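# Structural overview for review
The chain contents come next:
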Amino acid sequence: MNKGGGVKKMKYVLVTGGVVSGLGKGVTASSIGVLLKACGFRVTSIKIDPYLNTDAGTMSPFEHGEVFVLDDGGEVDLDLGNYERFLDIKLTRDNNITTGKIYQDVLDKERRGDYLGKTVQVVPHITDAIQEWIERVAMIPVDGQPGPADVCVIELGGTIGDIESMPFTEALGQFSYRVGAGNFCLIHVSLVPVLSVVGEQKTKPTQHSVRGLRSLGLTPNILACRSTLALEENVKKKLSQFCHVPAENIITLYDVSNIWHLPLLLRDQKAHEAILGALNLHGIAREPNLKEWTSRAELCDMLLEPVRIAIVGKYTGLSDSYLSLLKALLHASVSLRKKLVVDWIPASDLEDETAKENPDVYKAAWKLLKGSDGVLVPGGFGDRGVEGKILAAKYARENRIPFLGICLGMQIAVIEFARSILGLQDANSTEFDPDTKNPCVIFMPEGSKTHLGGTMRLGSRRTYFQVMDCKSAKLYGNRGFIDERHRHRYEVNPDMVSRLEDAGISFTGKDETGQRMEIVELPNHPYYIGAQFHPEFKSRPGKPSALFLGLVAAACGQLDSLLHAHKIPNGMAKKVSLYQNGNATKFAKIPADGIYSNCNGVHA
Ligand code: GLN
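Residues numbered from 1 in each chain as written. Predicted model: local features only at pLDDT ≥ 70, side-chain atom pairs only at ≥ 80, totals over all residues. Heavy atoms only, no water.

## Quick look at the overall build of the chain
- The secondary structure content of the chain amounts to 21 helices and 23 strands.
- For 604 residues, the compact-globule formula gives about 25 Å, and the C-alpha radius of gyration of the chain, at 25 Å, lands near that figure.
- Projected onto the principal axes, the alpha-carbon positions of the chain cover approximately 75 × 60 × 60 Å.
- Within the chain, the fraction of its 604 residues that count as buried is 60%.
- Put simply, of all contacts in the chain between residues at least 6 apart along the chain, 75% involve residues at least 24 apart.
- Here the chain contributes 69 positive and 69 negative side-chain charges, whose respective centroids are spaced 5 Å apart. (Helix = DSSP H or I, 4+ residues; strand = E, 2+ residues; numbered from the N terminus. Rg over C-alpha atoms; globule rule 2.2 N^0.38 Å. Buried < 20%, exposed > 50% of the residue type's maximum accessible area, 1.4 Å probe, protein only. Contact = heavy atoms within 4.5 Å. Lys, Arg positive; Asp, Glu negative; His and termini not counted. Charge placed at Lys NZ, Arg CZ, Asp CG, Glu CD.)

## Describing the state of the cysteines
- With the rule as written, the count across this model stands at zero disulfides.
- For the unlinked cysteine Cys-39, the closest cysteine sulfur is that of Cys-185, found at 12 Å.
- On the basis of relative accessibility, which here comes to 0%, the residue Cys-39 falls in the buried class.
- In this structure Cys-470 is a free cysteine whose sulfur lies 19 Å from that of Cys-407, the closest cysteine sulfur available. (Disulfide = S-S within 2.5 Å.)

## Considering the pairing of strand E22 (residues 517-521)
- Of all five residues making up E22, five are buried, and the element is well covered by its neighbours.
- Alignment of strand E21 (residues 506-510) against E22, held across four bridges, turns out to be antiparallel. If you follow Phe-507 over to E22, its bridge partner there is Val-520.
- In textbook terms, the turn of a hairpin is the stretch between consecutive antiparallel strands, and for E21 and E22 this stretch comprises six residues, one of which, Gly-514, has a positive phi near 80°. (Pairing = 2+ DSSP bridges.)

## What to know about the site of the ligand
- If you check the shell around the ligand, you find Gly-379, Gly-380, Phe-381, Cys-407, Leu-408, Gln-411, Glu-431, Arg-487, His-488, Arg-489, Tyr-490 and His-534 and nothing else.
- Arg-487 is positioned with one of its backbone polar atoms (N or O) 2.9 Å from a nitrogen atom of the ligand.
- One of the backbone nitrogen or oxygen atoms of Tyr-490 is found 2.8 Å away from an oxygen atom of the ligand.
- Contact with the protein chains removes 99% of the 300 Å² of surface that the ligand exposes when unbound.
- Secondary structure elements with two or more residues in the shell around the ligand: helix H16 (408-420) and strand E19 (481-488).
- Per-class residue counts for the shell around the ligand are four nonpolar, five polar and three charged. (Near = heavy atom within 4 Å. Polar contact = N/O pair within 3.5 Å; in protein donor to acceptor, adjacent residues only side chain to side chain. Areas by Shrake-Rupley, 256 points an atom, 1.4 Å probe, with all protein chains shown as cover. Nonpolar A, V, L, I, M, F, W, Y, C, P; charged D, E, K, R; others polar.)

## Details of the sheet that holds strand E16 (residues 428-429)
- Read from one edge to the other, the open sheet built from three strands follows the order E16-E17-E20, with strand pairing classed as mixed. With one partner strand each, in any of the chains shown, E16 and strand E20 (490-492) form the two edges of the open sheet.
- With two bridges connecting them, E16 and strand E17 (residues 439-443) associate as parallel partners. Residue pairing in the sheet places Asn-428 in a bridge with Pro-439 of E17.
- Sitting on the sheet, H16 touches E16, E17 and E20, and the angle it makes with E17 is about 150°. (Axes fitted to C-alpha atoms, helices over the stretch in contact; angles between N-to-C directions.)

## Let's talk about a nonpolar patch on the surface
- Together, Leu-195, Val-197 and Val-198 make up a nonpolar patch on the protein surface, roughly 310 Å² of accessible area in all.
- In this fold, Val-198 is placed in the loop between strand E8 (194-195) and strand E9 (200-201).
- Its relative accessible area of 55% is what places Val-198 among the exposed residues. (Patch = residues over 30% accessible without salt bridge, like charges linked within 9 Å, V, L, I, M, F, W, Y side chains within 5 Å. Salt bridge = Lys/Arg side-chain N within 4 Å of Asp/Glu carboxyl O.)

## Some words on the nonpolar core
- By size, the foremost hydrophobic cluster in this structure holds 97 residues, and its most contacted members are Val-13, Ile-275, Leu-329, Leu-376, Leu-547 and Phe-548.
- For this core, the leading source of residues is helix H19 (residues 546-555), giving nine residues.
- The residues contacting Ile-275, other than those within four sequence positions of it, are Val-13, Ile-32, Leu-36, Cys-185, Ile-187 and Ile-222.
- Of all hydrophobic cores here, the second largest spans 43 residues; its members include Ile-390, Leu-408, Ala-418 and Met-517. (Core = buried A, V, L, I, M, F, W, Y, C linked by side-chain atoms within 4.5 Å.)

## A look at the packing of helix H14 (residues 359-370) against helix H15 (residues 386-398)
- Two elements in contact, H14 and H15, have axes separated by 11 Å at closest approach and are oriented at 35°. In the packing of H14 onto H15, the handedness of the crossing is right-handed. Seen from H14, the contacting residues are Trp-366, Leu-369 and Lys-370; seen from H15, they are Leu-391, Ala-392 and Tyr-395.
- Class assignment for the residues of the contact of H14 with H15 results in five nonpolar, no polar and one charged. (Left-handed = near helix turned anticlockwise from the far one by under 90°.)

## Focus on unusual backbone geometry
- Val-123 connects to Pro-124 through a cis peptide bond whose omega is 15°.
- Non-glycine residue Lys-270 carries a positive phi angle of around 60°.
- When its relative accessible area of 48% is taken as the criterion, Lys-270 is described as partly exposed.
- Phi at Asn-280 takes a positive value of approximately 60°, unusual for a residue other than glycine.
- Among the structural elements, Asn-280 can be located in the loop between helix H10 (271-278) and helix H11 (291-302).

## What about the pattern of salt bridges?
- Enumeration over the complete set of coordinates arrives at 32 salt bridges.
- Here Asp-77 and Lys-47 are joined by a salt bridge, their closest N and O atoms 3.0 Å apart. Taken together, the positions of Asp-77 in the loop between strand E4 (75-76) and helix H3 (79-87) and Lys-47 in strand E2 (residues 43-49) put the pair 30 residues apart, joining distant regions of the chain.
- With a relative accessible area of 7%, Asp-77 lands in the buried category.
- Linked through salt bridges whose partners overlap, the residues forming this network are Asp-71, Glu-84, Asp-88, Lys-90, Arg-485, Arg-540 and Lys-543.

Laid out in structure tokens, this is it:
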């Protein structure tokens, strides 16, 4: 291990997928990382996405799930969120490789004349660029300790055989040869379907996909087979025979009650033995210590008392669109020993238009909202559903229902306040009404209106608390400032701030200039908070994000005791972060994390 242990050379674990997409490869790869970490190794990760987009920033959450934002402002695939949460690390934008980034890199070199008159080709120039990128990025420390990690887990997106991934499979085949046996372990995640007619576990799809893998120069060390139940011995034997993988290296990823069981399931089937064997690490690994994971996974299964949170959003048809949000809510509710129930409400269903066109849908949406213990309005772009979100914010404010607005959700809260309390009927964001007479949310001066990719205010920025006697400062452990991740183009209009504050809303957090509003609160409401940043991206199992913890605590009547438990002796106020200690409060004592009940084994 790099802290003075025995790993001298970087070790690589490659995770590929076969047969179909959506097998939970990302969570499997993250769980493998957890298992290796539990054996005492430092782990980093790289996700390869073989699409042409430079990054995930311009991709629709409807199609691809959420865009995850990193500290450095990288807009990346949601699997990087799984890695950050599972391994408690902080990745960089370069940890997400896309075809677009690689081609851009090679084409830039070509324009500079770096190839000295050579014909620039996919092999060797693109494939070399991929290998160089992997080796370079694997060395970046991601766990806060100096020096590179011991093991780098690489996940190749897509399914083996996809045309898009060909340059990557070729590069990885060359790479495995270059780093040599003992430094490279290939885990192929596949599917063993059970045909309902005969009830038999079918191996043929896996056989074919392993054949495809071999034809591309990649040899699997381990097969991880998704199936509803554990694989039968004769099925394993057959797979072993046809795929040339020892039976003890064939793992079943059967369905589990929550995804925190996955590292345990891998350990129980001795996946670590197989990986350590392939990486020549047997001598220096310790027995995996998964105590925290075990108690979290078990705790999550035991939770009965529900807390209902309504998410009033735009992309409610695909839960992956709000993955980090769900995880943050889950981390908070498990810490508070509550079973999270999420009520998805498409914002436009709450609007008057729907009442006319589809009264049943309208009624059902309002019934859900009224039945919830807390309301969350997440971030978003575009004007669809904005009026519905404003109605939800108004409902929560007037009925004293705990409310958290994130990014667009915060802007919504300000618009609603300006309309209802200041009486400015047409108050709006210029994103939705460029001609409004009362623009309480405006385009940020430094933004670009012509280029959408990577032009927002992105990544980690500092927020300074303006008053200490407010819920958000207390929830963040009375620190003077916090660093959270951003992704926005619009902001609260600084010219309207004093009018808004005079009417009773309080901007409790601002940026270093004091001009940009970061946190807004209604002091006289049980819990009504908006944040311009996205706290969900830094929530971790066992270390729930402050504002989510506040929302869930308020929703189940525990906010006062939570805030009380968070009181810190004066002298410590600026230095201590309860959430960074993770176990400093009576609620977070068992580093706990639960599982979102609809996510069976898919995401972390
Ligand atoms: N559309 C809003 C903006 O650009 C909010 C963005 C978000 O919610 N991420 O400021």
